[in-house]
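# What the coordinates show
Here are the chains, one letter per residue:
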Amino acid sequence: MQQLPRPREATTGYKTQMASVSKLILLAFTLVYETDIRLDTMDARNVTLRNFDYTGGDDCIAIKPRSYDVSVQNITCHSGNGPAIGSLGQYLEDSSVENVTVTELRVKNRWGFYIKCWTGALVYQNSYESEYQPRGGGWGSVRNITVENLDVTGASRAFHITQENGDDGTHGGSSKMGIYDITLRNVTGTLSGEGNTIPISCSDVNPCEGIVLEDINHVGSSGDTATLTCKYVAEDGVNGLGGC
């Protein structure tokens, strides 16, 4: 079988000041390898995405460094990891993302929505995605993010935050990214598995603050309601589901 050139992002908002995408159906299939075809934003401002239907691998939407004022509405993700903010902090640069609204989101794949940041140290990566080079150490803030009306029927997890991407087990809590003022509101549906935990794992350098979880009504496959775990968050930094 002939190996084709590895596909990358099919639709990308890169160095964009104003863009609107509506009624997009994207099918991305694996041939010999995992595909990265998806919709990304990077170095972008004032981007609107509406009525997006995705089937493929990796993140169906990835809001990447220096994305500001992004509106995402009426999205269905059938496969892959799920919609994400990140990865952020992978390179030695400002990786900020601010003022993002995601609403009317149906996710039937791995994760409902997640925020992923890299460790704060340069750590060698034994993977082709990182070109077998040290990665991490980027900085910036993730601020003013709202995700609401999220249906996670068929997903394995509704929501999580991680700031230890690329860590080798020796740099926990070192991320230089700060995560502030995140609202997750009105989550419904039944997950594919029994587990129903929302893990919030942030940074000891910049503990998370202003994380609000409202109307979290989804359940695991056995009917278990959501529980919360927290690590490296500010005191009273997470409100909802008992807080932490």
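These lines cover the structure that appears in this document, whether it is placed above or below. (Residues numbered from 1 in each chain as written. Predicted model: local features only at pLDDT ≥ 70, side-chain atom pairs only at ≥ 80, totals over all residues. Heavy atoms only, no water.)

### So, the environment of arginine 66
Threshold: Each helix is a run of H or I in the DSSP string that is no shorter than four residues. Each strand is a run of E no shorter than two, and both are numbered from the N terminus. Contacts are assigned to residue pairs that have any heavy atoms within 4.5 Å of one another. Here a polar contact is taken to be a pair of N or O atoms separated by no more than 3.5 Å, where protein atoms must pair a possible hydrogen donor with a possible acceptor and residues adjacent in sequence count only if both atoms sit in side chains.
Tracing the chain through its elements places arginine 66 in the loop between strand E4 (61-63) and strand E5 (67-77). Not counting the four nearest positions on each side in its chain, arginine 66 is found in contact with Met42, Asp43, Ala44, Glu93, Asp94, Ser95, Ser96 and Val97. Here the side chain of arginine 66 touches glutamate 93 through a polar contact of 3.5 Å, side chain to side chain.

### Here we look at the packing of aromatic side chains
Stated precisely, the cut-off is as follows: Here is the rule: rings of Phe, Tyr and Trp (six-membered ring for Trp) pair when centre to centre is within 6.5 Å. Planes less than 30 degrees apart are stacked, more than 60 are edge-to-face, and the remainder are tilted. Relative accessible area decides the class of each residue, using a 1.4 Å probe on protein chains only: under 20% of the type maximum gives buried, over 50% gives exposed, and in between gives partly exposed.
Applying the stated criterion across every chain, the model contains two aromatic pairs. On the numbers, 6.1 Å between centres and 40° between planes, the contact of phenylalanine 52 with tyrosine 54 is tilted. Here tryptophan 111 and tyrosine 114 contribute two aromatic rings whose centre-to-centre distance is 4.8 Å and whose plane-to-plane angle is 70°, an arrangement assigned as edge-to-face. Residue class for tryptophan 111 comes out buried when judged on its relative accessible area of 16%.

### Considering the pairing of strand E15 (residues 209-216)
Quick note on the threshold: Strand pairing is assigned whenever DSSP detects at least two bridges linking the two strands.
In the sheet, strand E13 (residues 176-188) pairs with E15 via six bridges, with the strands oriented parallel. Counterpart to leucine 184 in the pairing with E15 is leucine 213. Bridge analysis of E15 against strand E17 (residues 238-239) gives two bridges, and the strand direction is parallel. Bridge pairing in E17 places valine 212 opposite asparagine 239.

### Some words on the pairing of strand E3 (residues 39-55)
Of the strand pairs in this sheet, E3 and E4 are connected by three bridges, and their pairing is parallel. Bridge pairing in E4 places aspartate 40 opposite alanine 62. Summarising the sheet, E3 and E5 pair through nine bridges and their orientation is parallel. Each bridged residue has a counterpart across the sheet, and for valine 47 the counterpart in E5 is valine 70.

### Topic: the nonpolar core
Selection rule: What is meant by a nonpolar core is a set of buried Ala, Val, Leu, Ile, Met, Phe, Trp, Tyr and Cys residues, joined one to another through side-chain atoms within 4.5 Å.
Residues Ile85, Phe113, Val142 and Ile179 are the most contacted members of the largest nonpolar core, which totals 48 residues. The element contributing the most residues to this core is E3, with six residues. Among residues more than four places away in sequence, those in contact with phenylalanine 113 are Pro83, Ala84, Ile85, Val102, Leu105, Val147, Leu150, Ala158, Phe159 and His160.

### So, the environment of alanine 226
Within the secondary structure layout, alanine 226 lies in the loop between E15 and strand E16 (227-231). The exposure class of alanine 226 is buried, given its relative accessible area of 12%. As a C-alpha pair, alanine 226 and isoleucine 198 span 28 residues in sequence and 6.9 Å in three-dimensional space.

### A word on the state of the cysteines
This is how the line gets drawn: A pair of cysteine sulfur atoms is labelled a disulfide when the two atoms are within 2.5 Å.
The tally for this structure, following the rule as stated, stands at three disulfides. By sequence order of its bonded cysteines, the protein has the disulfide arrangement 1-2, 3-4, 5-6. Here cysteine 117 is not disulfide-linked; the sulfur of cysteine 208 is the nearest cysteine sulfur, at 8.1 Å. A relative accessible area of 0% places cysteine 117 in the buried class.

### Some points on the pattern of salt bridges
We apply this condition: In what follows, salt bridge is the name for a side-chain nitrogen of Lys or Arg lying within 4 Å of a carboxyl oxygen of Asp or Glu.
The tally for this structure, following the rule as stated, stands at eight salt bridges. Arginine 66 is paired through a salt bridge with glutamate 93; the nearest N and O atoms lie 3.5 Å apart. Of this pair, arginine 66 sits in the loop between E4 and E5 while glutamate 93 is found in the loop between strand E6 (84-88) and strand E7 (97-107), placing the two residues 27 residues apart along the sequence. Given a relative accessible area of 26%, glutamate 93 falls into the partly exposed group. Between glutamate 164 and lysine 231 there is a salt bridge, and its shortest N-O distance comes to 4.0 Å. With glutamate 164 in strand E12 (residues 157-165) and lysine 231 in strand E16, the pair connects residues that are 67 residues apart, well separated along the chain.

### Details of a nonpolar patch on the surface
Stated precisely, the cut-off is as follows: The patches described consist of residues with a relative accessible area above 30% and no salt bridge, like charges being joined within 9 Å and nonpolar side chains (Val, Leu, Ile, Met, Phe, Trp, Tyr) within 5 Å. Method for areas: the Shrake-Rupley scheme with a 1.4 Å probe, in which residue coverage is limited to the protein chains shown.
A surface patch of nonpolar side chains, amounting to about 320 Å² of accessible area, comprises Leu92, Leu122 and Trp139. With respect to the helices and strands, leucine 122 occurs in the loop between strand E8 (111-118) and strand E9 (123-124).

### Things to note about the side chain of asparagine 196
Its place among the elements puts asparagine 196 in the loop between E13 and strand E14 (197-201). Only 2.8 Å separates the side chain of asparagine 196 from the backbone oxygen of aspartate 224, close enough to count as a polar contact. Not counting residues up to four positions away in its chain, the partners in contact with asparagine 196 are Leu191, His218, Val219, Gly220, Asp224, Thr225, Ala226 and Thr227.

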